[in-house]
Amino acid sequence: MSVTLKLATSLDGRIATASGESRWITGEQARAAAHGLRATHDAVLVGIETALGDDPDLTVRLEGFSGAQPARVVLDSRQRLPPTAKLVQSARAVPTYLITTTAPDRALVGAGVRVLQVKAVGDGRPELEAALEALAAEGLNTVMVEGGGQVAGSFLRCGLVTRLEWFRAPVVLGGEGRPGVGALALIALADAPRFRRIDIRPVGDDLWESYERV
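These remarks concern the structure in this document.

### Quick look at the sheet that holds strand β13 (residues 206-213)
In spatial order, the strands read β6-β5-β4-β3-β9-β1-β10-β13-β12; together these nine strands make up an open sheet with mixed pairing. Edge strands, defined here as strands with exactly one partner in the open sheet, are β6 (114-117) and β12 (195-203). For this sheet the average axis-to-axis angle between neighbouring strands, irrespective of direction, equals 20°. Of the strand pairs in this sheet, strand β5 (residues 96-100) and β6 are connected by four bridges, and their pairing is parallel. By the bridge assignment for β6, I99 is matched with L116. Lying on the sheet, helix α6 (residues 149-157) is in contact with β1 (2-9), β3 (43-47), β4 (71-75), β9 (142-147) and β12; it crosses β1 at an angle near 140°.

Laid out in structure tokens, this is it:
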């Protein structure tokens with residue numbers, strides 16, 4: 001299983017202002033590059049807060065693209081994704097998975113969403129290793145994690161991220177902005193996840209940095 005964490009942040013690692021405004025921190029060229037990354041993965045994964053807050057499509061939207069769309073995956077322990085969400089409305093056209101810790105919701109299943117129940121950890125959230133195993137059983141072996149900050153932090157904390165694709169915009173949002181990476185529960189610097197930068201290039205006014213896990 002290969003897990004890519006994609007981040008699009010300000011210079012100081014923020015993905016939104018304190019009020020939640022985030023469109024758009026990075027520019028058009030960076031967003032197009034991110035869509036290209038989606039096309040190279042079996043699945044794109046977000047947390048339920050991102051799914052509820054942004055109501056995203058999570059599809060590849062590039063001029064001339066005719067390949068298969070990646071599956072969309074939402075971590076949603078309590079199955080809060082509403083039937084009106086774009087992900088649910090298009091679930092029969094593009095494979096859509098819900099990772100939950102409760103019995104599958106019949107309305108979501110009836111709409112074409114593929115609900116995968118896995119064991120819970122902590123406060124009832126899906127165990128990430130179990131979630132990845134369930135996705136691998138569905139033939140989804142390359143996953144790109146797109147948000148939000150809490151989900152990014154969880155994947156890093158569990159040591160599951162094999163690659164980082166980080167888009168940085170030339171703007172500073174300050175400490176009150178929402179972080180791109182949530183708490184890692186670190187005590188010592190030696191415990192911090194380590195990565196090796198393998199590429200850096202400009203995309204419009206932004207920078208795109210690629211890292212591999214050490």
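On we go.
### Digging into the pattern of salt bridges
Within the structure shown, the criterion is met by 10 salt bridges. E146 is the partner of K6 in a salt bridge, and the nearest nitrogen-oxygen pair spans 3.9 Å. Note that K6 is positioned in strand β1 and E146 in strand β9, a separation of 140 residues in sequence. Note that R168 and E209 form a salt bridge whose closest N and O atoms lie 2.4 Å from each other. Here R168 is found in strand β10 (residues 163-168), whereas its partner E209 is found in strand β13, with 41 residues between them in sequence. Across this residue pair, the class does not change: R168 and E209 are buried. Overlapping salt bridges bring together R163, E165, R196 and E212 as one network.

What counts, and at which threshold
Residues numbered from 1 in each chain as written. Predicted model: local features only at pLDDT ≥ 70, side-chain atom pairs only at ≥ 80, totals over all residues. Heavy atoms only, no water. Pairing = 2+ DSSP bridges. Helix = DSSP H or I, 4+ residues; strand = E, 2+ residues; numbered from the N terminus. Axes fitted to C-alpha atoms, helices over the stretch in contact; angles between N-to-C directions. Contact = heavy atoms within 4.5 Å. Salt bridge = Lys/Arg side-chain N within 4 Å of Asp/Glu carboxyl O. Buried < 20%, exposed > 50% of the residue type's maximum accessible area, 1.4 Å probe, protein only.

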